[in-house]
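Coordinate inspection notes
One letter stands for each residue in the lines below.
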Amino acid sequence: MSQSTPDKDNQTSGAKKTISLPISRVRLIMKSSPDVSSINQDALFLTTKATELFVQHLALTSFTNSSGGETNTLEYSDLAKTAETIDTFHFLTDILPKKILARDYLKSLEQMQDEDADF
Amino acid sequence: MAERPEDLNLPNAVITRIIKEALPDGVNVSKEARRAISQAASVFVLYATSCANNFAMKAKRKTLNAGDVLAAMEEMEFQRFMEPLREALEVYKKDQKGKKEVSEQKRKDKEKKIDTDSSKCREEEEPEEEEEEQQRMEEEPEEEEEEVEN
């Protein structure tokens, strides 16, 4: 259960070091959900920690999946691709929509209209 | 309750640091990507909260607890987070317990001091009291955080 790596041993020095995101802000976000009445301290801590793990996981997954190794930059399109292609990140597709050029959009709109005209 | 929509954002500086730590050295993150990850993190909190709340409701509880959050991670298919989360929670609980013991010990010490102080002369007493006061002030903000339920 508690196999501790050297990295984790350092964290035992204080609760402050185990998480870097502000607990109060995470609580505010959680409470903005109308069904939630109260959250205990452990649940709040775990959600905060999970959010940090999620940020790391999303960033790393998007970076390793990205084709742009030559620029060495994580771009928005890498994140949109992750949301689209990896199941666990599907819930992000609404806030990470794939960007398309206006002319491509107009073209696809035209195509759709053509198809409609066939009927 | 959140007053402004910005209140639901997580602090950019912290998010940026977490991203940097996760990626190999020398990797840049575009401004747009940083903003997107930050928004994704807020959505993740809401999604996790909603899942956890379902578990609490099923069990007819009003307060979300650690088990609900862990169950939510499983449901969201983030099983990979469960082990690190359990470990972090252990450390956190130990710290909280340690803090409580320290403050209890201090209170006991103070009580003892007051008993002995009554036999001491006045000049000696005052500087010590001031020191105690300062220690208490340092402790208080941390203790406030413990009371989340309402």
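Residues numbered from 1 in each chain as written. Chains lettered and ligands numbered in written order. Predicted model: local features only at pLDDT ≥ 70, side-chain atom pairs only at ≥ 80, totals over all residues. Heavy atoms only, no water.

Test applied: UniProt positions are given in the numbering used here, feature names are shortened, and annotations may be inferred rather than shown by experiment.
Chain B carries the name DNA polymerase epsilon subunit 3 in an unreviewed UniProt entry, which gives Austrofundulus limnaeus as its organism. What UniProt states about chain B under its Subcellular location (unreviewed entry) heading is, verbatim, "Nucleus".

Chain A goes by Chromatin accessibility complex protein 1 in an unreviewed UniProt entry, where it is assigned to Austrofundulus limnaeus. Per UniProt, chain A carries the Function (unreviewed entry) text "Forms a complex with DNA polymerase epsilon subunit POLE3 and binds naked DNA, which is then incorporated into chromatin, aided by the nucleosome remodeling activity of ISWI/SNF2H and ACF1. Does not enhance nucleosome sliding activity of the ACF-5 ISWI chromatin remodeling complex."

**A word on the pattern of salt bridges**
Cut-off, in case you're wondering: We define a salt bridge as a contact between a side-chain nitrogen of Lys or Arg and a carboxyl oxygen of Asp or Glu at a distance within 4 Å. The helix count covers DSSP runs of H or I at least four residues long, the strand count covers runs of E at least two residues long, and both are numbered beginning at the N terminus. The buried label applies to any residue whose accessible area, calculated with a 1.4 Å probe on protein chains only, is under 20% of its type's maximum; exposed applies above 50%, and partly exposed to all values in between.
Taken as a whole and assessed by the stated rule, the structure comprises five salt bridges over all chains. D42(A) serves as the salt-bridge partner of K93(B), at 3.8 Å between the closest nitrogen and oxygen. Taken together, the positions of K93(B) in helix α4 (residues 82-117) and D42(A) in helix α4 (residues 41-65) put the pair across two chains. What makes K93(B) partly exposed here is its relative accessible area of 43%. In this structure, E32(B) and K99(A) form a salt bridge, with 2.1 Å as the shortest nitrogen-oxygen distance. Remark: K99(A) occurs in the loop between α5 (76-85) and α6 (102-118) and E32(B) occurs in helix α2 (residues 31-58); the pair is interchain, linking two chains. Owing to a relative accessible area of 40%, E32(B) belongs among the partly exposed residues under this scheme. Here K99(A) falls in the exposed class, since its relative accessible area comes to 56%.

**Section: α2(B)**
Think of an α-helix as 3.6 residues a turn; residues three or four steps apart then line up on the same face. We count it as follows: Each residue after the first adds 1.5 Å to the expected span of a helix.
The first and last C-alpha atoms of α2(B) sit 41 Å apart over 28 residues, in line with the 40 Å expected at 1.5 Å per residue. Where α2(B) ends, the next residue or the one after it, K60(B), has phi of about 60°, a positive value.

**Looking at helix α3 (residues 66-75) of chain B**
Considered for burial, the residues of α3(B) that qualify are A66(B), D68(B), V69(B), L70(B), A72(B) and M73(B). E77(B), located one to two residues past α3(B), shows a positive phi value of around 65°.

**Overview of the interface of chain A and chain B**
Put simply, the test is: Here a residue-residue contact requires only that any non-hydrogen atoms of the pair lie within 4.5 Å. Simply put, the buried area is the total loss of 1.4 Å probe accessible area from both parts when two parts are fitted together. Whenever two N or O atoms come within 3.5 Å, that pair is a polar contact, provided that in protein one can donate a hydrogen and the other can accept it, and provided that, for residues adjacent in sequence, both atoms are side-chain atoms. Amino acid classes used here: Ala, Val, Leu, Ile, Met, Phe, Trp, Tyr, Cys and Pro are nonpolar; Asp, Glu, Lys and Arg are charged; the rest, including Gly, are polar.
The interface is formed by 60 residues belonging to chain A together with 69 residues belonging to chain B. Counting the surface lost from both chain A and chain B, the interface buries some 6,000 Å², and carbon and sulfur atoms represent 71% of this. At the boundary of chain A with chain B, the tally comes to two salt bridges. Counting every contact that joins chain A to chain B gives twelve residue pairs in polar contact (both at pLDDT 80 or more). Elements with a minimum of two residues in the side of chain A that touches chain B: α1 (6-11), α2 (15-18), α3 (23-31), β1 (38-39), α4, β2 (73-74) and α5 of chain A. When residues of the side of chain A that touches chain B are assigned to their parent elements, the largest contribution, 20 residues, is made by α4(A). Class assignment for the residues of the side of chain A that touches chain B results in 30 nonpolar, 19 polar and eleven charged.

**Brief notes about the nonpolar core**
Let me state the cut-off plainly: Within this scheme, the nonpolar core is defined by two criteria: the residues are buried Ala, Val, Leu, Ile, Met, Phe, Trp, Tyr or Cys, and they are joined through side-chain atoms within 4.5 Å. Reported domain spans reflect what an automatic or database domain assignment gives.
Counting residues in hydrophobic clusters, the biggest one holds 60 residues, and the most contacted among them are F54(A), I37(B) and M73(B). Of all elements in the fold, only α3, α4 and α5 of chain A together with α1 (12-22), α2, α3 and α4 of chain B reach the threshold of two or more residues within this core. Each of domain 1 (1-77) and domain 2 (80-113) of chain B gives at least three residues to this core.

**Describing the confidence of the model for chain A**
Residue and element names in this part refer to chain A. The cut-off we apply is this: Confidence scores labelled pLDDT are given residue by residue by the predictor and lie between 0 and 100.
When pLDDT is averaged along chain A, the result is 83, and 81% of the positions lie at 70 or above. Taken element by element, chain A is modelled with least confidence in α1, mean pLDDT 40, and with most confidence in α4, mean pLDDT 96. This model gives residues 1-16 a pLDDT under 50, and the stretch forms 18 contacts once residues within four places in sequence are excluded.

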